[in-house]
Every structure is written in C-alpha cells, then in structure tokens.
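What follows is each chain in one-letter form.
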Amino acid sequence: GHIAKMFTEGNFDAPMLTHGKVPPGVPVLQKMKADVSYAFAEIENGGRVRIKTNNSEALTAIHEFLRFQITDHQTGDTTEITKE
C-alpha cells in the first residue's frame, strides 16, 4: 500500500534507491502522475499494485518501468505485453 501511495504522488524514490539509478519510464510517470492510478491489493504471498492509465505515453512508460523491474530483479516473469 505504501508503494502505491508513493507512486500516486509521483514519488519513485524507493525504486531509485534500490537500483541506484532512475528506472526507465519514471520521468514520464512523474510528469503524468494525474493520468495514472495505482491500486494496492493484498494477495496470498504479499501484495500486488495494479497500474492503470488511458494515456498512451504513460502506458509506454509503465511498460518500460515494469520491464526494467522484471529484468533487474530477475523475477522470471514475462516481459511480453498481454491484455487481461
């Protein structure tokens, strides 16, 4: 929940501290914070942050940010974009 609140405010300090640099997509997400929503939900083994936008530029930034997170944290998740 804390991360979702920080991201909503345009605060991406946690990822920047973790990675030692500004992750791709962050400058656009900060600039377009009014066009992006972040919703936290508890799940069995932790939590999930659902990110939504109707802005195509913000959507591209979200994809860049998430791909970076997946790769840098070596989560094993796919970096392919799919629709729910």
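The coordinates are above.
To start, this report covers the structure provided alongside it. (Residues numbered from 1 in each chain as written. Predicted model: local features only at pLDDT ≥ 70, side-chain atom pairs only at ≥ 80, totals over all residues. Heavy atoms only, no water.)

Considerations on the overall build of the protein
So, point 1. The secondary structure content of the protein amounts to four helices and two strands.
So, point 2. Put simply, the protein runs from its N terminus to its C terminus through helices and strands in the order α-α-α-β-β-α.
So, point 3. Against the 2.2 N^0.38 benchmark of 12 Å for 84 residues, the protein shows a C-alpha radius of gyration of 12 Å, consistent with a compact globule.
So, point 4. Viewed in the frame of its principal axes, the protein has a C-alpha envelope of about 30 × 30 × 25 Å.
So, point 5. Accessible surface, the protein as shown: approximately 5,900 Å² in total, 50% of it carbon and sulfur.
So, point 6. Side-chain charges in the protein split into 9 positive and 11 negative, and the spacing between the mean points of these groups amounts to 5 Å. (Helix = DSSP H or I, 4+ residues; strand = E, 2+ residues; numbered from the N terminus. Rg over C-alpha atoms; globule rule 2.2 N^0.38 Å. Areas by Shrake-Rupley, 256 points an atom, 1.4 Å probe, with all protein chains shown as cover. Lys, Arg positive; Asp, Glu negative; His and termini not counted. Charge placed at Lys NZ, Arg CZ, Asp CG, Glu CD.)

Looking at the pairing of strand β1 (residues 36–43)
So, point 1. Bridge count for β1 against strand β2 (residues 46–53) is eight bridges, and the pairing is antiparallel. Considered in β2, the bridge of S37 is made with K52.
So, point 2. In this antiparallel pair of consecutive strands, β1 and β2, the connection spans two residues. (Pairing = 2+ DSSP bridges.)

Here's the deal with the environment of R48
So, point 1. Mapped onto the fold, R48 is located in strand β2.
So, point 2. On the basis of relative accessibility, which here comes to 40%, the residue R48 falls in the partly exposed class.
So, point 3. When the C-alpha atoms of R48 and Y38 are compared, they prove to be 9.8 Å apart, with ten residues separating the residues in sequence.
So, point 4. Beyond its immediate sequence surroundings of up to four residues, R48 is in contact with A39, F40, A41 and I43. (Buried < 20%, exposed > 50% of the residue type's maximum accessible area, 1.4 Å probe, protein only. Contact = heavy atoms within 4.5 Å.)

Looking at the environment of V26
So, point 1. In this structure, V26 sits in helix α3 (residues 26–31).
So, point 2. In sequence terms V26 and A58 are 32 residues apart; their C-alpha atoms lie 9.7 Å from each other.

So, the packing of aromatic side chains
Any two aromatic rings considered together are summarised by their centre-to-centre distance and by the angle between their planes.
So, point 1. A full pass over the atoms with the stated rule returns five aromatic pairs.
So, point 2. Taking 5.6 Å as the distance between ring centres and 70° as the angle between the ring planes, the aromatic pair formed by F7 and Y38 counts as edge-to-face. With F7 in helix α1 (residues 2–8) and Y38 in strand β1, this residue pair connects regions lying 31 residues apart in the sequence. For the pair shown, F7 and Y38 are each scored as buried.
So, point 3. Each ring, one from F12 and one from F65, has its centre 5.7 Å from the other, and the planes form 80°; the classification is edge-to-face. (Phe/Tyr/Trp six-rings, centres within 6.5 Å; stacked < 30°, edge-to-face > 60°.)

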